[in-house]
Every structure is written in C-alpha cells, then in structure tokens.
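# Examining the three-dimensional arrangement
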Amino acid sequence: MRLDEYLNIESDKIVCRKCGHVFCGKHDNYKLHAAEIEREFTDVGLLRRPQSELMDRRIVFRQYFCPGCFTNIENDTILDDAPPLHDKQLA
Amino acid sequence: MPSWVYGADRFNARDKPREELQIAPELQLHDEVEADLDPITYEVLRHRIWQVNDEQFTTISRVSGSSIATEINDFNVGITDEIGDLVTIGSGIVWHCNGDQCVKWILENRSENPGIREGDLFLSNDPWIHSNHQNDVSVLQPVFYEGKLFCWTLATVHQVDVGGINPGSFCFNAPDAFSEGFFFSAIKLAEGGELRKDMEDLFLRRSRTPELLALDLRAFIASANVARRRIYEMIDRYGAATVKAVMRRTMDESERLVRERLRELPDGIWRSEEYQEQSGAGDRGVYAVRLSLEKKDDTLIFDFTDTDPQAGMINSCLGGSRGGATAILLATLCSDIPWAVGGIKRALDFRFKEGTINCADYPAGVSAGSISGVYQTCNATIVAMAKMLSSSEKWRGKVISGSEGSWAVMYFAGIDQYGNPAVNIVMDALAAGIGARSFKDGDDTGGILEAPIGQMANVEYYESYYPFIYVYRREETDSGGAGMHRGGCGGAIGLMLHDTDAPFDWQWFCYGLAFPTSNGLCGGWPTRAVDAKIARNTDLQARLARSELPSDISELEGEVVPFQAKGTYQQLRQSGDFFHCYYQGGAGYGDPIDREPERVLRDVLNRWVSAEFAREVYGVVLTDDGESVDAPATEQRREEIRKWRRENATVRRPTPEEVTV
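Residues numbered from 1 in each chain as written. Chains lettered and ligands numbered in written order. Predicted model: local features only at pLDDT ≥ 70, side-chain atom pairs only at ≥ 80, totals over all residues.

## Side note on the overall build of chain B
Each helix and strand in chain B was counted, giving 14 helices and 21 strands. Here the C-alpha radius of gyration of chain B, 25 Å, is about what a compact globule of 661 residues would show, namely 26 Å. With respect to the three principal axes, the spread of C-alpha positions in chain B is 80 × 65 × 50 Å. Relative to its 661 residues, chain B shows a buried fraction of 58%. Taking contacts inside chain B between residues at least 6 apart in sequence as the whole, the part at least 24 apart equals 75%. (Helix = DSSP H or I, 4+ residues; strand = E, 2+ residues; numbered from the N terminus. Rg over C-alpha atoms; globule rule 2.2 N^0.38 Å. Buried ≥ 20, exposed ≤ 12 C-beta atoms within 10 Å, placed from the backbone. Contact = placed C-beta atoms within 7 Å.)

## Side note on the overall build of chain A
Helix and strand counts for chain A come out as 0 helices and 7 strands. Considering only C-alpha atoms, chain A reaches an extent of 50 × 25 × 15 Å along its principal axes. When burial is assessed residue by residue, chain A has 46% of its 91 residues classed as buried. Sequence separation of 24 or more characterises 39% of the internal contacts of chain A that already satisfy a separation of 6 or more.

## Section: the sheet that holds strand 19 (residues 568–572) of chain B
Residue and element names in this part refer to chain B. Strands sit in the order 13-12-16-19 across an open sheet of 4 strands; the sheet is antiparallel. On the outer flanks of this sheet lie strand 13 (421–426) and strand 19, each paired with one strand and no other. Averaged over all neighbouring strand pairs, the angle between strand axes comes to 20°, with direction disregarded. (Pairing = 2+ DSSP bridges. Axes fitted to C-alpha atoms, helices over the stretch in contact; angles between N-to-C directions.)

## Regarding the pairing of strand 20 (residues 578–583) of chain B
Residue and element names in this part refer to chain B. Taking burial as the measure, the 6 residues of strand 20 include 6 buried ones, the bulk of the element. Residues of strand 20 alternate between two faces, with Phe578, His580 and Tyr582 on one and Phe579, Cys581 and Tyr583 on the opposite face, all of them buried. Across 5 bridges, the pairing between strand 17 (residues 531–536) and strand 20 is antiparallel. Bridge assignment links Ala535 to a residue of strand 20, and that residue is Phe578.

## Considering the interface of chain A and chain B
If you look at the interface, chain A gives 46 residues, while chain B gives 53 residues. Counting only elements with at least two residues in the side of chain A that touches chain B, the list comes to strand 4 (35–39), strand 5 (59–65), strand 6 (72–79) and strand 7 (88–90) of chain A. If you tally residues by element for the side of chain A that touches chain B, the top one is strand 6 of chain A, at 7 residues. Here the residues of the side of chain A that touches chain B are counted per class, giving 22 nonpolar, 12 polar and 12 charged. As paired strands, strand 4 of chain A and strand 21 (residues 650–651) of chain B are joined by 2 bridges and run antiparallel to one another. Bridge pairing in strand 21 of chain B links Ala35(A) to Val651(B). (Nonpolar A, V, L, I, M, F, W, Y, C, P; charged D, E, K, R; others polar.)

## A closer look at the sheet that holds strand 21 of chain B
In any sheet, the strands associate via hydrogen bonds between backbone groups, in a parallel or an antiparallel arrangement. One open sheet holds the 4 strands; their spatial order is 6(A)-5(A)-4(A)-21(B), and the pairing between them is antiparallel. Among the strands making up the open sheet, the edge pair consists of strand 6 of chain A together with strand 21 of chain B. In this structure, strand 5 of chain A lies alongside strand 6 of chain A, joined through 7 bridges in antiparallel fashion. Across the sheet, the residue bridging to Tyr64(A) is Glu74(A), located in strand 6 of chain A.

## Observations regarding the nonpolar core
Residues and elements named next belong to chain B. Met385, Ala408, Val409, Trp508, Cys510 and Cys581 are the most contacted members of the largest nonpolar core, which totals 224 residues. If one sorts the elements of this core by residue count, helix 9 (residues 373–390) sits on top with 11 residues. When sequence neighbours within four positions are dropped, the list of residues in contact with Ala408 reads Ala429, Trp508, Cys510, Val530, Ala532, Cys581 and Tyr583. (Core = buried A, V, L, I, M, F, W, Y, C linked by C-beta atoms within 7 Å.)

## Points about the environment of Thr42(A)
All names here are of chain A. Here Thr42 lies in the loop between strand 4 and strand 5. Look at Thr42 and you get partly exposed, because 15 C-beta atoms sit within 10 Å. Each C-alpha atom, one on Thr42 and one on Cys24, is 33 Å from the other, the two residues being 18 residues apart in sequence. If we skip the residues at most four places from it in the chain, Thr42 touches Leu47 and Pro50.

## A short note on unusual backbone geometry
Residues and elements named next belong to chain B. Cis geometry is adopted by the peptide bond preceding Pro114, which originates at Asn113 and carries an omega value of 15°. Relative to the elements of secondary structure, Pro114 occurs in helix 3 (residues 99–115). Tyr362 connects to Pro363 through a cis peptide bond whose omega is 5°. With respect to the helices and strands, Pro363 occurs in the loop between strand 11 (348–351) and helix 9. Residue Asn73 is not a glycine yet carries a positive backbone phi of 65°. With respect to the element layout, Asn73 can be found in the loop between helix 2 (67–72) and strand 1 (75–80). Positive phi is not limited to glycine here, since Ala186 has a value of about 55°. Structurally, Ala186 is set in the loop between strand 5 (148–158) and strand 6 (187–191).

## Here's the deal with the domain arrangement of chain B
If you check the domain split of chain B, you get domain 1 (39–256), domain 2 (400–595) and domain 3 (596–648). Domain 1 of chain B and domain 3 of chain B are separated by 52 Å when their C-alpha centres are compared. (Domains from an automatic or database assignment.)

## What to know about the packing of helix 1 (residues 39–63) of chain B against helix 6 (residues 240–264) of chain B
Residues and elements named next belong to chain B. Two numbers describe how helix 1 lies on helix 6: the axes approach to 9 Å, and their chain directions differ by 80°. With respect to helix 6, the axis of helix 1 lies roughly perpendicular. The segment helix 1 lies against helix 6, with Thr41, Tyr42, Leu45, Arg46 and Ile49 engaging Thr242, Val243, Val246, Arg249 and Thr250. Tallied by class, residues from the contact of helix 1 with helix 6 come to 5 nonpolar, 3 polar and 2 charged. (Parallel < 35°, antiparallel > 145°, perpendicular 65-115°, else oblique.)

Structural data, given as structure tokens:
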C-alpha cells in the first residue's frame, strides 16, 4: 500500500519503495527512523540575508533520507527546537 | 473565548444548517422544488446558472474603473439558494466562498429589523461575519419571486483603501481593529431598488480613495442587476420550482462526487505546520498555523485547533480561514467537480480554536488577514492535502506541492506625475509560481491557486497613471523549488520613480522573508525566500542614458535599504530611485537528484536554474560550452551527493514517548 512517492506500507511496516529499507511500524513517525540533516537556508541558497535580521527564533531546513539508499524522502521547514512533524499516518 | 468587548460575540457568524436558522416569520422563503426534474432540463439550467455567474463577474470587471477589478480580478461572485448555500462561485479569488456565513447572519440578524425585502442590497466587510479583512467588501442581494426569498447573489471586491492608520488599510502599526479600516456589519445599502445616499456617503467618506470605491459600488450594483434579471428570465421560462430543484440537485451532486472521491482515498491523518514571521511593526516573533487533516470514510476533518494564539495584525477570523481551506480543496481534490460549495461543504468538518491566528477574537488586528492568517491556512492546507493525495495511487495526480508561499503586498502613496494624490496597489505577486505536481513541473509565474484567473496588471496601466516605470518584470532564476519535478519559478519586478521628484512612499509587507514558505513534498525543496528593498541615489538614470538596462537591483550603485516583513515604509525621493521585489515560486516534488538531467539542462538554458544550482542541488554537470549534459561527471556528482548525505546524516531514533502504540 502506498504512503507517498518513496514510501510504502507492507505488512504493517513503513518501507522504502526504492531499496526496501524498513523504517518502522505503520503508525510510527518514519522521520524518527530516517537519516536526518539540518541545514541553514542561507547555506543552501534559499535565503539571502541573515534570519537574525528579522526574527529571534531559528527556522531550519531539515532533510530526511532513507538510511538504505539515501534518497531524500521528505523535507521540513521547521523551528530548530521542534521535533520532526509526524506528517503521514494512515489508519 | 468571549471577546472583552460587550456584545461582540453576536457578530461571530457561523455556517448553520437550515433547521438551526432563526429567521423572522414575516420573511417567507421559497422552498418549493419540482420533484420530477428531467435530466435535460437539469443540465441546461445548471450550465445556465454558471453563465449567469460568469456574467456577474464580467459585469464587475467592465463597469468598475478600479484596477483591482478591471485588471487584476481580485474579486469574486456567487449565487446561493434562499439560505445562503452556494450553488456556484466564480473563478476569481476563491476564498470568498465564505459568503454563506454572511447570508445566514443577515437572515438571523436583519430579517426582523430592518427587514429583508425585494430591491434590497446589503453591504458587509465585517471580518467576524465573513470577510477576510476589511478591504474585502461584499454586496449581497436577496432575490425575491412572488413575495418569497428565492436566492441570493453575492459579490466581493478588494477595495484599495478603507481607512485606518496606514494608506491601503493594511495597518501594521495598529494595536487592534479599532485602529484599522472601517467595517460594516451587513448594512442596508439599497432599499426598494434605490441606492441609499446616506449609506453611500457612510461607505465612501472613510476611504482615502472614495473615487475608486464609488466606481466599485456601481459595479456591484450593475452586477446584481444583471444577475437578478437573468435569474428572473430562467424562472419565467422554466418555473421557480424547477430552477430551485436544479440548485438543490447541483449541490447534492457535488456532495455525492466529493464523498465518492473521499471514499477512494485511504483513511488517515496528515499534518502540516506553516510559519509566519513578524506580527506587526517592530515584532520579531514567529507564528504557526497547524493543521491535522483527517480523512474518515467520506468526510474530511480540518483541525486547526493547535494553531498559535492571535498576535498583532496578521490574524484572520473563522470565515476567512474556512474560505481559505475550502479554496485549496476546490483547486486540488475538487478541481473537476462543480464548485457547488453548498453541497461540497457537507462532507467537510472545520475545527478552529477561538483566540488563534486563524480564528481571532474581536477586536484583534485583522487588516492583513487575507495575506496572513488566511494565506497561512491555505499553505497548511495545500501541504496536508498534497500528502493525503500522495497516498493514493488513483488520485496522486492531483498532488500540488506548496505554491506561491506568500502574497507580497506592494502599496504606494504620494503625488503622481500630474500633481494629483495617488494611492494604489501593485499586484504582481499574483504571478507567483505554482508547486510541482506528482507528474510534472509546476507552472512558472503561473499564479495563485486560490485565484485561478487572477493576473497582474499591464505594465502600461501603472506607467500611465503613476510616476514609475518598470525597469524589469521577469522570472527569477533558482526560485522554483528543486525536485524530481521542479516548482514553478516566481518573479521579480524593478520599478523606477520617474517623471517626478516628489516623494513617493512604498509600503511593502509579506511573510516568507526570513525563510521560504512554499514547502515541497517527498524530498522536493522549498522555493527561495521573498526579498524586497529599495535603492536611492542610484546610477540608474546614467545607465539608461547609456542604453544599459539592468536586470537586478544588485547591479545598481546607490544606497540600498531592505524591507522588514512588516512595518516599514520606504520613500523614493527623486527620479531614478528604485524599488525591487522578488516573490516566491512553487515548491518541488521528489528528490532533486532523481530529476532527468536533460530537463535540468533545459532549465539552465532557459535561465530557470543556474548552472551552479544545477550542479550543487540537482547534481547535474554541464559540458564546458554549457550546451549539453556531461553524463559521466553528472553520475559522479550525484554519487558525491549520496556520499555526502551518508556521511553527514544521523538517525534520531524515537524516545519511548514517541513510539506510537
């Protein structure tokens, strides 16, 4: 069963559609089991002035990868102290 | 929570089912329905109602002299049944589909005193009743047939200025709604077919641009007259009960179609969290709209109750936010279902928390509600909706990644080249980029999802009436979110003060200046964050004299001053002073290193993507002449990217509390 472009649900587990890597149970937050890199928007060319000129908190570009094939499966624009958003949860 | 202002909660309009409406008994509703409606008549009349709706729209555009209506299409129209449920809505700004709340409020609060009668028009721009912000003024017409209220026609047009402490009425210095533009809570603008002069004066007197509002007022009336006449023609030919049966069936059919589609999607919950920086002048906070979108069998629950508390002037009220979420649903899941919102909404359950950014309590500041609270609600809905659709093999083709993440507002005020006072708005951000689809790239400068026929005005319009010229209006390189399918590029404009040395104020505000707000899907990247600045004492006049046409503000010499997201005016002081704004594109879909290299090459050749971005993000290396893909170098570069990911990524692992049981 499809969860999204890169993830399937097979035998109640979330798995990578490309390499078959098993992330977690189907109701769990796959992002907690993904490989993760956090980057500044200024470092990836998506922001041209320091964030600190505009706000006190920090919002980052958080990327999630399949730990098996390192496909970029999802990204979050998120407060740096926020946990990964559990964004996809099939019943 | 209840407002601290005595009696304010009476104005908190809510959509209600027919059986809960409390209407004065002297107002008789037409509810006779032809039981034996044949399918041919249904099809003919269903399309005829659409045509009436189109004519409503066109009439406003042709009668008004305001650029918002004649050039930009920042307005919309609708036709409802006798209790306000929408049978059809136009293709202008779709979030105005919240007019049902206003009709129901009028029915409950105006049917006894002053009464609702044939020939009446009601004017309303009260955000707590339905409006997105004070600038969005609606005129609602009850249409009677043989003494009974048969239906309503609605129109909403953004007004250039409705007062308040800032020209343009986006009042980022306002502590609350008492310092913002005026708003009226469904007042009777016309009676017995006559415009009430006292009400017209009341409406125009509070604006800095009464001449434009007066034009729009006449456009409202013309549109209402045309719609009423066409509805009578239908009734005269087919009978009131038959036309009403078509209205009912149109809504029932759209409800059936959307429920059928929902049943084909898997049950589940999809979440999104969308941010905005700065709630007003001098603020440095960050504010989130949070959506938990739950699909259960054939219903869709929009739960926004975890959204941040209201702040500053960026809030919206329930009507606007509900309209925003509905607009995205119409543009995505329901793009091929008739937009009979009165039927579609029966499958929807909206949950907001009072006192939050997108369900503000009176008298919170709401003057930027349309491009703030409502827009954030739209953004949250686009992303959650896309994630839901992505889970379906059958319906994943309807996925649209985050689109045009914010609406950059550009107001100007000053003395024009003819010596006259001038206040107006540049709406070029209506040509923002659309997010990538699951099967194709997003549309470059394709527009705004919530405004299917919104458009930027002709350059010549602005240059004729106002003292500036466009030095550039172009698509912005590297502004489309990277991905297997690329997001549509946003655009940039550069305007030079011209033919005057009188000071000209520019008021610019937006969000998405400190971080991008068009968010990608399944590894797709967001777009680049917005940018706006002015340059004074430039060398632009000298460059133009040498026939040099700059394509970016960075090429100019002079004093460059960037805008904050909210609360800064900048002044252009002499001919040659310059204003620049880049507005966001759409986000990407899928991992950028899964994009076909030849498509990246095409993007580079068309300047949608730079060669540097192609190499760094897409892992595509071009040959030395830049004309083709260097296949071995590309394969090597993409392997380097995978290796970099492998070496730099960590796995977080859930805490025991984060494990779902």
